[in-house]
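Structure assessment
Below are the chains, spelled out letter by letter.
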Amino acid sequence: MKKIMVLGGNGFICRNLVSTLASGEDEIYSFDLNIPEQRLPNVHYMEGDFFDDYVLHNAVKGMDIVYHGICTLNPGNSNDKYMQGYTRDLVQTVKLCDMLRENNARMIFLSSGGTVYGKQEVMPIKENVLAKPINHYGNLKLCSENMIRVFNIQNNTDFRVVRISNPYGPGQDYHKGVGFIDAALKRGLAKEPVQVYGDGSVVRDYIYIQDVCNVLAYLGKNLGKHDIINLGSGRGTSMKEILEIVRRYIPDLQVEYLPSRSVDVPEIYLDNQRLLHLYPMELTPLEEGIKKYYMYLKEQ
Ligand SMILES: NC(=O)c1ccc[n+]([C@@H]2O[C@H](COP(=O)([O-])OP(=O)(O)OC[C@H]3O[C@@H](n4cnc5c(N)ncnc54)[C@H](O)[C@@H]3O)[C@@H](O)[C@H]2O)c1
(Lines give C-alpha, C1' and ligand atoms only; values in the text may rest on other atoms or scores of the structure.)
Protein backbone atom coordinates (compact mmCIF):
# COMPACT_ATOMS: atom_id res chain seq x y z
CA MET A 1 0.00 0.00 0.00
CA LYS A 2 1.39 3.41 -1.03
CA LYS A 3 0.85 6.85 0.47
CA ILE A 4 -0.27 9.12 -2.36
CA MET A 5 -0.62 12.90 -2.09
CA VAL A 6 -2.56 15.00 -4.60
CA LEU A 7 -1.59 18.68 -4.47
CA GLY A 8 -4.49 20.81 -5.66
CA GLY A 9 -6.88 17.98 -4.79
CA ASN A 10 -9.97 20.16 -4.87
CA GLY A 11 -9.43 21.37 -8.44
CA PHE A 12 -11.03 20.07 -11.61
CA ILE A 13 -8.49 17.44 -12.65
CA CYS A 14 -7.19 16.54 -9.22
CA ARG A 15 -10.55 16.15 -7.54
CA ASN A 16 -11.48 13.60 -10.18
CA LEU A 17 -8.07 12.03 -9.71
CA VAL A 18 -8.57 11.79 -5.94
CA SER A 19 -11.84 9.98 -6.43
CA THR A 20 -10.25 7.60 -8.98
CA LEU A 21 -7.35 6.86 -6.63
CA ALA A 22 -9.72 6.42 -3.69
CA SER A 23 -11.30 3.39 -5.37
CA GLY A 24 -7.96 1.56 -5.09
CA GLU A 25 -6.03 0.08 -2.17
CA ASP A 26 -3.70 2.99 -1.41
CA GLU A 27 -3.77 5.65 1.28
CA ILE A 28 -4.88 8.85 -0.42
CA TYR A 29 -4.23 12.43 0.72
CA SER A 30 -5.69 15.56 -0.84
CA PHE A 31 -4.09 18.97 -0.21
CA ASP A 32 -5.69 22.25 -1.20
CA LEU A 33 -6.50 25.78 -0.02
CA ASN A 34 -10.10 24.62 0.16
CA ILE A 35 -11.50 21.33 1.37
CA PRO A 36 -14.55 20.09 -0.57
CA GLU A 37 -17.92 20.10 1.17
CA GLN A 38 -18.61 16.56 0.01
CA ARG A 39 -15.72 14.40 1.13
CA LEU A 40 -14.85 10.83 0.35
CA PRO A 41 -14.70 8.70 3.50
CA ASN A 42 -11.38 7.04 2.70
CA VAL A 43 -9.44 10.20 1.74
CA HIS A 44 -7.36 12.31 4.16
CA TYR A 45 -8.07 15.97 3.41
CA MET A 46 -5.45 18.57 4.30
CA GLU A 47 -6.13 22.29 4.11
CA GLY A 48 -3.05 24.42 3.47
CA ASP A 49 -1.14 26.85 1.30
CA PHE A 50 1.26 25.37 -1.24
CA PHE A 51 3.39 28.50 -0.91
CA ASP A 52 3.98 27.99 2.82
CA ASP A 53 7.23 25.98 2.97
CA TYR A 54 6.60 24.58 6.43
CA VAL A 55 3.06 23.47 5.58
CA LEU A 56 4.12 21.96 2.25
CA HIS A 57 7.04 20.13 3.82
CA ASN A 58 4.76 18.52 6.40
CA ALA A 59 2.15 17.67 3.78
CA VAL A 60 4.53 15.72 1.52
CA LYS A 61 6.64 14.12 4.28
CA GLY A 62 6.39 10.33 4.16
CA MET A 63 4.57 10.20 0.81
CA ASP A 64 5.54 7.65 -1.83
CA ILE A 65 3.90 9.40 -4.79
CA VAL A 66 2.99 13.09 -5.16
CA TYR A 67 0.86 14.56 -7.94
CA HIS A 68 1.53 18.28 -8.47
CA GLY A 69 -1.59 19.95 -9.87
CA ILE A 70 -1.31 23.50 -8.50
CA CYS A 71 -0.71 26.40 -10.87
CA THR A 72 -1.85 29.97 -10.30
CA LEU A 73 -1.67 30.89 -14.00
CA ASN A 74 -3.77 29.83 -16.97
CA PRO A 75 -3.29 30.58 -20.68
CA GLY A 76 -5.73 33.48 -20.60
CA ASN A 77 -4.33 35.36 -17.58
CA SER A 78 -0.65 34.55 -17.92
CA ASN A 79 0.30 37.60 -19.96
CA ASP A 80 -0.83 39.72 -16.98
CA LYS A 81 0.30 37.45 -14.16
CA TYR A 82 3.57 36.05 -15.55
CA MET A 83 5.74 37.56 -12.83
CA GLN A 84 3.74 35.67 -10.22
CA GLY A 85 4.24 32.48 -12.21
CA TYR A 86 8.02 32.81 -12.50
CA THR A 87 8.67 34.18 -9.01
CA ARG A 88 6.21 32.05 -7.04
CA ASP A 89 4.92 28.96 -8.89
CA LEU A 90 8.27 28.07 -10.44
CA VAL A 91 10.27 28.71 -7.27
CA GLN A 92 7.85 26.73 -5.12
CA THR A 93 7.95 23.85 -7.58
CA VAL A 94 11.76 23.81 -7.24
CA LYS A 95 11.34 23.69 -3.46
CA LEU A 96 8.81 20.86 -3.80
CA CYS A 97 11.25 18.87 -5.97
CA ASP A 98 13.91 19.34 -3.33
CA MET A 99 11.56 18.15 -0.58
CA LEU A 100 10.62 15.07 -2.61
CA ARG A 101 14.28 14.36 -3.39
CA GLU A 102 14.98 14.28 0.36
CA ASN A 103 12.02 11.94 0.89
CA ASN A 104 12.80 9.69 -2.07
CA ALA A 105 9.24 10.21 -3.35
CA ARG A 106 8.03 10.04 -6.92
CA MET A 107 6.32 13.03 -8.52
CA ILE A 108 3.91 13.36 -11.41
CA PHE A 109 3.84 16.96 -12.66
CA LEU A 110 0.71 18.08 -14.49
CA SER A 111 1.98 20.03 -17.49
CA SER A 112 0.15 21.46 -20.46
CA GLY A 113 0.16 19.67 -23.81
CA GLY A 114 -1.98 22.47 -25.21
CA THR A 115 0.55 25.23 -24.57
CA VAL A 116 4.15 23.99 -24.15
CA TYR A 117 4.58 23.19 -27.85
CA GLY A 118 3.49 26.52 -29.32
CA LYS A 119 3.02 26.65 -33.09
CA GLN A 120 4.16 23.41 -34.72
CA GLU A 121 4.19 22.41 -38.37
CA VAL A 122 3.57 18.70 -37.93
CA MET A 123 0.51 17.17 -36.28
CA PRO A 124 0.04 15.14 -34.16
CA ILE A 125 2.83 16.53 -31.99
CA LYS A 126 5.37 14.13 -30.58
CA GLU A 127 7.06 14.66 -27.22
CA ASN A 128 10.50 15.04 -28.78
CA VAL A 129 9.85 18.14 -30.94
CA LEU A 130 11.33 21.46 -29.86
CA ALA A 131 8.78 23.04 -27.52
CA LYS A 132 8.29 26.75 -28.30
CA PRO A 133 5.46 28.13 -26.15
CA ILE A 134 3.90 31.41 -27.20
CA ASN A 135 2.39 32.38 -23.85
CA HIS A 136 3.84 32.68 -20.35
CA TYR A 137 1.67 29.89 -18.97
CA GLY A 138 3.14 27.41 -21.46
CA ASN A 139 6.62 28.75 -20.81
CA LEU A 140 6.17 28.48 -17.04
CA LYS A 141 5.26 24.82 -17.54
CA LEU A 142 8.27 24.30 -19.81
CA CYS A 143 10.63 25.96 -17.30
CA SER A 144 9.25 23.64 -14.59
CA GLU A 145 9.64 20.62 -16.88
CA ASN A 146 13.29 21.48 -17.58
CA MET A 147 14.00 21.90 -13.89
CA ILE A 148 12.36 18.52 -13.21
CA ARG A 149 14.42 16.85 -15.96
CA VAL A 150 17.65 18.18 -14.43
CA PHE A 151 16.60 16.86 -11.00
CA ASN A 152 16.19 13.42 -12.57
CA ILE A 153 19.63 13.61 -14.17
CA GLN A 154 21.58 15.20 -11.34
CA ASN A 155 19.70 14.08 -8.24
CA ASN A 156 18.48 10.62 -9.22
CA THR A 157 14.84 11.51 -8.69
CA ASP A 158 11.86 9.71 -10.20
CA PHE A 159 9.81 12.64 -11.45
CA ARG A 160 7.57 12.51 -14.51
CA VAL A 161 5.94 15.21 -16.63
CA VAL A 162 2.51 14.55 -18.10
CA ARG A 163 1.52 16.96 -20.86
CA ILE A 164 -2.25 16.94 -20.69
CA SER A 165 -4.19 18.23 -23.70
CA ASN A 166 -7.72 19.64 -23.18
CA PRO A 167 -9.65 17.70 -20.56
CA TYR A 168 -13.41 18.14 -20.19
CA GLY A 169 -16.11 16.71 -17.96
CA PRO A 170 -17.65 16.87 -14.48
CA GLY A 171 -16.04 19.35 -12.09
CA GLN A 172 -14.78 21.72 -14.77
CA ASP A 173 -15.41 25.45 -14.52
CA TYR A 174 -14.78 27.44 -17.69
CA HIS A 175 -14.76 30.66 -15.66
CA LYS A 176 -11.21 29.67 -14.63
CA GLY A 177 -10.05 30.41 -18.17
CA VAL A 178 -10.11 27.02 -19.96
CA GLY A 179 -12.83 24.58 -21.02
CA PHE A 180 -14.61 25.22 -24.30
CA ILE A 181 -16.87 22.14 -24.09
CA ASP A 182 -17.79 23.07 -20.52
CA ALA A 183 -18.62 26.63 -21.62
CA ALA A 184 -20.66 25.49 -24.65
CA LEU A 185 -22.77 23.02 -22.61
CA LYS A 186 -23.32 25.23 -19.55
CA ARG A 187 -24.03 28.42 -21.46
CA GLY A 188 -26.24 26.54 -23.88
CA LEU A 189 -28.25 25.01 -21.02
CA ALA A 190 -28.55 28.49 -19.45
CA LYS A 191 -29.77 29.91 -22.81
CA GLU A 192 -26.73 32.21 -22.96
CA PRO A 193 -24.44 32.59 -25.99
CA VAL A 194 -21.12 30.77 -25.91
CA GLN A 195 -18.11 32.91 -26.78
CA VAL A 196 -15.77 31.81 -29.55
CA TYR A 197 -12.43 33.56 -30.07
CA GLY A 198 -11.82 33.74 -33.83
CA ASP A 199 -13.96 32.05 -36.49
CA GLY A 200 -14.25 28.66 -34.77
CA SER A 201 -11.43 27.05 -36.76
CA VAL A 202 -9.09 26.69 -33.76
CA VAL A 203 -8.30 22.99 -33.32
CA ARG A 204 -7.70 21.34 -29.95
CA ASP A 205 -7.26 17.86 -28.55
CA TYR A 206 -10.17 17.11 -26.21
CA ILE A 207 -10.01 14.24 -23.75
CA TYR A 208 -12.59 13.02 -21.25
CA ILE A 209 -11.59 13.64 -17.63
CA GLN A 210 -12.04 10.02 -16.53
CA ASP A 211 -9.55 8.90 -19.18
CA VAL A 212 -7.07 11.49 -17.88
CA CYS A 213 -7.50 10.25 -14.32
CA ASN A 214 -7.17 6.57 -15.26
CA VAL A 215 -3.89 7.35 -16.98
CA LEU A 216 -2.58 9.52 -14.14
CA ALA A 217 -3.44 6.83 -11.59
CA TYR A 218 -1.63 4.23 -13.70
CA LEU A 219 1.46 6.41 -14.25
CA GLY A 220 1.90 6.99 -10.52
CA LYS A 221 2.79 3.31 -10.15
CA ASN A 222 4.22 2.60 -13.61
CA LEU A 223 6.52 5.45 -14.51
CA GLY A 224 7.99 4.00 -17.68
CA LYS A 225 11.31 5.15 -19.05
CA HIS A 226 10.34 8.55 -20.48
CA ASP A 227 10.55 11.79 -18.46
CA ILE A 228 7.77 13.33 -20.55
CA ILE A 229 4.56 11.83 -21.84
CA ASN A 230 1.68 13.32 -23.86
CA LEU A 231 -1.78 12.67 -22.46
CA GLY A 232 -4.19 13.42 -25.27
CA SER A 233 -6.71 11.80 -27.59
CA GLY A 234 -4.47 11.94 -30.66
CA ARG A 235 -7.29 13.63 -32.55
CA GLY A 236 -7.80 17.29 -33.45
CA THR A 237 -11.27 18.86 -33.31
CA SER A 238 -12.23 22.41 -34.24
CA MET A 239 -14.48 24.57 -32.09
CA LYS A 240 -17.03 24.50 -34.94
CA GLU A 241 -17.12 20.70 -34.76
CA ILE A 242 -17.63 20.87 -30.99
CA LEU A 243 -20.53 23.27 -31.52
CA GLU A 244 -22.11 20.84 -34.01
CA ILE A 245 -21.96 18.00 -31.48
CA VAL A 246 -23.33 20.20 -28.67
CA ARG A 247 -26.21 21.28 -30.95
CA ARG A 248 -27.40 17.65 -31.08
CA TYR A 249 -28.45 18.17 -27.45
CA ILE A 250 -28.95 21.94 -27.37
CA PRO A 251 -30.25 22.83 -30.86
CA ASP A 252 -30.82 26.53 -30.06
CA LEU A 253 -27.22 27.11 -28.86
CA GLN A 254 -26.21 30.71 -29.62
CA VAL A 255 -22.63 31.74 -30.47
CA GLU A 256 -20.90 35.08 -29.97
CA TYR A 257 -17.80 35.44 -32.14
CA LEU A 258 -14.96 37.55 -30.69
CA PRO A 259 -11.58 38.56 -32.16
CA SER A 260 -8.98 35.80 -31.95
CA ARG A 261 -6.45 35.99 -29.08
CA SER A 262 -2.66 36.14 -29.43
CA VAL A 263 -2.30 33.50 -26.68
CA ASP A 264 -4.04 30.82 -28.77
CA VAL A 265 -2.21 28.74 -31.37
CA PRO A 266 -4.39 27.77 -34.37
CA GLU A 267 -3.99 24.01 -34.12
CA ILE A 268 -2.78 21.52 -31.51
CA TYR A 269 -3.25 17.82 -31.14
CA LEU A 270 -0.91 15.40 -29.50
CA ASP A 271 0.65 12.16 -30.57
CA ASN A 272 -0.33 9.65 -27.88
CA GLN A 273 1.64 6.61 -29.08
CA ARG A 274 4.13 6.82 -26.22
CA LEU A 275 1.22 6.75 -23.79
CA LEU A 276 -0.65 3.92 -25.51
CA HIS A 277 2.51 1.87 -25.63
CA LEU A 278 2.92 2.21 -21.87
CA TYR A 279 -0.78 1.90 -21.06
CA PRO A 280 -2.90 0.40 -23.85
CA MET A 281 -6.44 1.72 -23.35
CA GLU A 282 -9.68 2.59 -25.11
CA LEU A 283 -10.26 6.34 -24.94
CA THR A 284 -13.79 7.68 -24.62
CA PRO A 285 -14.88 8.88 -28.10
CA LEU A 286 -15.53 12.64 -28.14
CA GLU A 287 -19.20 12.30 -29.10
CA GLU A 288 -19.77 9.88 -26.22
CA GLY A 289 -17.86 12.03 -23.72
CA ILE A 290 -19.83 15.15 -24.63
CA LYS A 291 -23.09 13.21 -24.32
CA LYS A 292 -22.05 11.84 -20.91
CA TYR A 293 -21.12 15.31 -19.69
CA TYR A 294 -24.36 16.79 -21.04
CA MET A 295 -26.40 14.12 -19.22
CA TYR A 296 -24.43 14.78 -16.04
CA LEU A 297 -25.10 18.54 -16.23
CA LYS A 298 -28.80 17.99 -16.95
CA GLU A 299 -29.07 15.96 -13.74
CA GLN A 300 -27.47 18.68 -11.57
N1 LIG B 1 -7.63 22.19 -17.01
C2 LIG B 1 -6.86 22.04 -18.07
O3 LIG B 1 -7.31 22.19 -19.19
C4 LIG B 1 -5.41 21.66 -17.89
C5 LIG B 1 -4.71 21.14 -18.99
C6 LIG B 1 -3.38 20.78 -18.84
C7 LIG B 1 -2.75 20.95 -17.61
N8 LIG B 1 -3.44 21.49 -16.56
C9 LIG B 1 -2.74 21.64 -15.27
O10 LIG B 1 -3.29 20.70 -14.38
C11 LIG B 1 -3.31 21.27 -13.07
C12 LIG B 1 -4.73 21.27 -12.53
O13 LIG B 1 -5.54 22.01 -13.43
P14 LIG B 1 -7.08 22.31 -13.11
O15 LIG B 1 -7.67 22.86 -14.36
O16 LIG B 1 -7.67 21.14 -12.47
O17 LIG B 1 -6.91 23.50 -12.07
P18 LIG B 1 -7.93 24.08 -10.99
O19 LIG B 1 -7.74 25.55 -10.98
O20 LIG B 1 -9.31 23.54 -11.17
O21 LIG B 1 -7.36 23.46 -9.63
C22 LIG B 1 -6.23 23.94 -9.00
C23 LIG B 1 -6.41 23.72 -7.51
O24 LIG B 1 -5.25 24.24 -6.87
C25 LIG B 1 -5.67 24.87 -5.68
N26 LIG B 1 -4.69 25.87 -5.27
C27 LIG B 1 -4.39 27.03 -5.90
N28 LIG B 1 -3.48 27.72 -5.19
C29 LIG B 1 -3.19 26.96 -4.11
C30 LIG B 1 -2.33 27.13 -3.00
N31 LIG B 1 -1.60 28.24 -2.85
N32 LIG B 1 -2.28 26.15 -2.06
C33 LIG B 1 -3.05 25.03 -2.16
N34 LIG B 1 -3.89 24.81 -3.19
C35 LIG B 1 -3.96 25.77 -4.15
C36 LIG B 1 -6.99 25.51 -6.01
O37 LIG B 1 -7.74 25.78 -4.83
C38 LIG B 1 -7.63 24.47 -6.93
O39 LIG B 1 -8.46 23.60 -6.20
C40 LIG B 1 -2.69 22.65 -13.17
O41 LIG B 1 -1.32 22.56 -12.90
C42 LIG B 1 -2.91 23.00 -14.64
O43 LIG B 1 -1.94 23.90 -15.09
C44 LIG B 1 -4.75 21.82 -16.68
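This one's a predicted model, so the numbers in the text were calculated from it and none came from an experiment.

**Here's the deal with the overall build of the protein chain**
Summing up its helical and strand segments, the protein chain has nine helices and 13 strands in all. Relative to the compact-globule value of 19 Å for 300 residues, the protein chain shows a C-alpha radius of gyration of 19 Å, a close match. The principal-axis extents of the C-alpha atoms in the protein chain amount to approximately 55 × 45 × 40 Å. Counting over 300 residues, the protein chain shows a buried share of 52%. Long-range pairs, those at least 24 residues apart, make up 76% of the contacts in the protein chain with a sequence separation of at least 6. Total accessible area on the protein chain stands at roughly 14100 Å², and carbon and sulfur atoms take up 48% of it. Mean positive and mean negative side-chain charge positions of the protein chain (33 and 36 charges, respectively) differ by 2 Å.

**Focus on the packing of helix 2 (residues 53-60) against helix 3 (residues 78-103)**
At a closest axis distance of 10 Å, the pairing of helix 2 and helix 3 adopts a crossing angle of 40°. Considering only the axes of helix 2 and helix 3, their crossing is right-handed. Contacts between helix 2 and helix 3 involve Asp-53, Leu-56, His-57 and Val-60 on the former and, on the latter, Gln-92, Lys-95, Leu-96, Met-99, Leu-100, Glu-102 and Asn-103. Considered class by class, the residues forming the contact of helix 2 with helix 3 number five nonpolar, three polar and three charged.

**As for the pattern of salt bridges**
Taken as a whole, this structure holds eleven salt bridges when the rule is applied. Between Lys-186 and Asp-182 there is a salt bridge; the shortest N-O distance is 2.9 Å. You can see Lys-186 and its partner Asp-182 sitting in helix 5 (residues 180-189), four residues apart, about one turn around the helix. Arg-235 is the salt-bridge partner of Glu-287, the closest N and O atoms lying 3.4 Å from each other. Of the two residues, Glu-287 is situated in helix 9 (residues 286-299) and Arg-235 in the loop between strand 11 (228-231) and strand 12 (237-238); the sequence distance between them amounts to 52 residues.

**A closer look at the nonpolar core**
If you look at the biggest cluster of nonpolar residues, it comprises 32 residues, and the most contacted ones within it are Ile-13, Leu-21, Tyr-67, Val-162, Val-212, Leu-216 and Leu-231. For this core, the elements supplying multiple residues, two or more each, are strand 1 (3-7), helix 1 (12-22), strand 3 (43-47), strand 4 (65-68), strand 5 (106-112), strand 6 (159-164), helix 6 (209-221) and strand 11. By size, the runner-up hydrophobic cluster in this structure holds 25 residues, among which are Met-5, Phe-51, Met-99 and Met-147.

**Brief notes about the site of the ligand**
Taken together, 26 residues sit near the ligand, with Ile-13, Asp-32, Asp-49, Tyr-137 and Lys-176 positioned nearest. Here a nitrogen atom of the ligand and a backbone polar atom of Leu-33 are 3.2 Å apart. Contact distances for the ligand include 2.8 Å between a nitrogen atom and a side-chain N or O atom of Asp-49. Bound to the protein, the ligand loses 87% of the 830 Å² it would expose on its own. Elements supplying a minimum of two residues to the shell around the ligand: helix 1, strand 2 (27-32), strand 5 and helix 4 (136-155). Considering each element in turn, the shell around the ligand owes the most residues, three residues, to strand 5. Taken together, the residues of the shell around the ligand sort by class into 13 nonpolar, nine polar and four charged.

**Regarding the domain arrangement of the protein chain**
Examined at the domain level, the protein chain breaks down into domain 1 (3-167 + 206-231) and domain 2 (169-204 + 235-269 + 284-299). Each of domain 1 and domain 2 has a C-alpha centre, and the two are 25 Å apart. Between domain 1 and domain 2 the total buried area reaches about 2100 Å² when both faces are included, carbon and sulfur atoms providing 60% of it. One can count five residue pairs in polar contact (both at pLDDT 80 or more) joining domain 1 with domain 2. Elements supplying a minimum of two residues to the side of domain 1 that touches domain 2: helix 1, strand 7 (166-168), strand 10 (206-208) and helix 6.

**Thoughts on the packing of aromatic side chains**
In the structure shown here, the tally under the stated rule is six aromatic pairs. Ring centres 5.4 Å apart and planes at 65° place the aromatic pair Tyr-168 and Tyr-208 in the edge-to-face group. Here Tyr-208 lies in strand 10 and Tyr-168 lies in strand 7, a separation of 40 residues in the sequence. For the pair Tyr-168 and Tyr-208, a shared accessibility class is recorded, and that class is buried. Between Tyr-218 and Tyr-279, the ring centres sit 4.2 Å apart and the planes meet at 15°, which makes this aromatic pair stacked. With Tyr-218 in helix 6 and Tyr-279 in the loop between helix 8 (273-278) and helix 9, this pair connects stretches of sequence that are 61 residues apart. Note that Arg-88 overlies the ring of Phe-51, its terminal NZ or CZ placed 4.1 Å from the centroid. The ring of Tyr-197 carries Arg-261 above its face, with NZ or CZ at 4.4 Å from the centroid.

Cut-offs and rules
- Residues numbered from 1 in each chain as written.
- Predicted model: local features only at pLDDT ≥ 70, side-chain atom pairs only at ≥ 80, totals over all residues.
- Heavy atoms only, no water.
- Helix = DSSP H or I, 4+ residues; strand = E, 2+ residues; numbered from the N terminus.
- Rg over C-alpha atoms; globule rule 2.2 N^0.38 Å.
- Buried < 20%, exposed > 50% of the residue type's maximum accessible area, 1.4 Å probe, protein only.
- Contact = heavy atoms within 4.5 Å.
- Areas by Shrake-Rupley, 256 points an atom, 1.4 Å probe, with all protein chains shown as cover.
- Lys, Arg positive; Asp, Glu negative; His and termini not counted.
- Charge placed at Lys NZ, Arg CZ, Asp CG, Glu CD.
- Axes fitted to C-alpha atoms, helices over the stretch in contact; angles between N-to-C directions.
- Left-handed = near helix turned anticlockwise from the far one by under 90°.
- Nonpolar A, V, L, I, M, F, W, Y, C, P; charged D, E, K, R; others polar.
- Salt bridge = Lys/Arg side-chain N within 4 Å of Asp/Glu carboxyl O.
- Core = buried A, V, L, I, M, F, W, Y, C linked by side-chain atoms within 4.5 Å.
- Near = heavy atom within 4 Å.
- Polar contact = N/O pair within 3.5 Å; in protein donor to acceptor, adjacent residues only side chain to side chain.
- Domains from an automatic or database assignment.
- Buried area = accessible area lost by both parts, 1.4 Å probe.
- Phe/Tyr/Trp six-rings, centres within 6.5 Å; stacked < 30°, edge-to-face > 60°.
- Lys NZ or Arg CZ within 6 Å of the ring centre and 35° of its normal.

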